[in-house]
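A closer look at the structure
Letter by letter, the chains look like this.
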Amino acid sequence: MTSKTETSEGAMAEYVTAVIGGQLFGLPISRVQDVFMPERLTRVPLASSEIAGVLNLRGRIVTVVDMRARLGLPKADDGQLPMAVGVDQRGESYGLLIDQIGEVLRLPDDSREDNPVNLDPRMAKLAGGVHRLDGQLMVVLDVDRVLELVPDAKAA
């Protein structure tokens, strides 16, 4: 589902990068609709802790997913305002709450690796592979897995 282009070096994929809890993540650019600052977030009664709330974004109701909660990380205490990456799934709008947005990276498809065995299990369940960059690991988020928000319903 990434935006792929053919070059003389081979297939390339583009990612919008984001930082969550100090970890670099990449979202396939083809899934990203927009990036925004969430304002006037309305809590949803009885929603799981992973749902930060809903908001009206240009006339659309957007469900905002707290990626720190989704990854099992503690709430940010650095005083920075969170950002959100807008994505769509089956006609529904979602905002993924992140710590900060990065840049767009074009990476060769063949540099993408399967999840390493020592990747944090909370990240591994939402990851669709990794790219090793200079001195850091970029975890590729699988947007469909991130938006599977019904684990509590299975237990009921």
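Quantities reported herein were computed from a predicted structural model and do not represent experimental measurements. (Residues numbered from 1 in each chain as written. Predicted model: local features only at pLDDT ≥ 70, side-chain atom pairs only at ≥ 80, totals over all residues. Heavy atoms only, no water.)

**Topic: the pairing of strand 7 (residues 83-89)**
Most of strand 7 is tucked away: six of the seven residues are buried. Bridge count for strand 4 (residues 32-36) against strand 7 is four bridges, and the pairing is antiparallel. Considered in strand 7, the bridge of Phe36 is made with Ala84. Note that strand 7 and strand 8 (residues 92-98) share seven bridges and pair antiparallel. Directly across from Val85, in strand 8, lies its bridge partner Leu96. The antiparallel hairpin formed by strand 7 and strand 8 contains two residues in its connecting segment, where Arg90 sits at a positive phi of about 50 degrees. (Buried < 20%, exposed > 50% of the residue type's maximum accessible area, 1.4 Å probe, protein only. Helix = DSSP H or I, 4+ residues; strand = E, 2+ residues; numbered from the N terminus. Pairing = 2+ DSSP bridges.)

**A short note on the layout of surface pockets**
Here the largest pocket defines a volume of roughly 250 Å³. Surrounding the largest pocket, Asp66, Arg68, Lys75, Ala76, Asp78, Gln80, Leu81, Pro82, Leu97, Ile98 and Asp99 form its lining. Considering only residue class, the lining of the largest pocket consists of five nonpolar, one polar and five charged. (1 Å grid on protein atoms, 1.4 Å probe; cavity = no way out; pocket = protein on both sides within 12 Å on 5 of 7 lines; lining within 4 Å. Points joined across faces, edges and corners; volume = space filled by probe spheres on them. Nonpolar A, V, L, I, M, F, W, Y, C, P; charged D, E, K, R; others polar.)

**Some points on the nonpolar core**
Membership of the largest hydrophobic core comes to 26 residues, with the highest contact counts inside it found for Leu27, Met67, Leu96 and Leu147. Once you skip the residues sitting within four places of it in the chain, Leu96 turns out to touch Leu27, Val65, Met67, Met83, Ala84, Val85, Val87, Val146 and Leu147. One finds Phe36, Ala52, Leu57 and Leu97 within the second-largest nonpolar core, a separate group that totals eight residues. (Core = buried A, V, L, I, M, F, W, Y, C linked by side-chain atoms within 4.5 Å. Contact = heavy atoms within 4.5 Å.)

**Some details on unusual backbone geometry**
Here the phi dihedral of Leu46 falls at roughly 65 degrees; this positive angle occurs in a residue that is not glycine. Within the fold, Leu46 resides in the loop between strand 4 and strand 5 (51-57). By relative accessible area, Leu46 is classed as exposed at 92%. If you check the backbone angles, Arg90 has positive phi at about 50 degrees while not being a glycine. Position of Arg90 relative to the elements: it lies in the loop between strand 7 and strand 8. Of the residues examined, Arg90 reaches a relative accessible area of 78% and is grouped as exposed.

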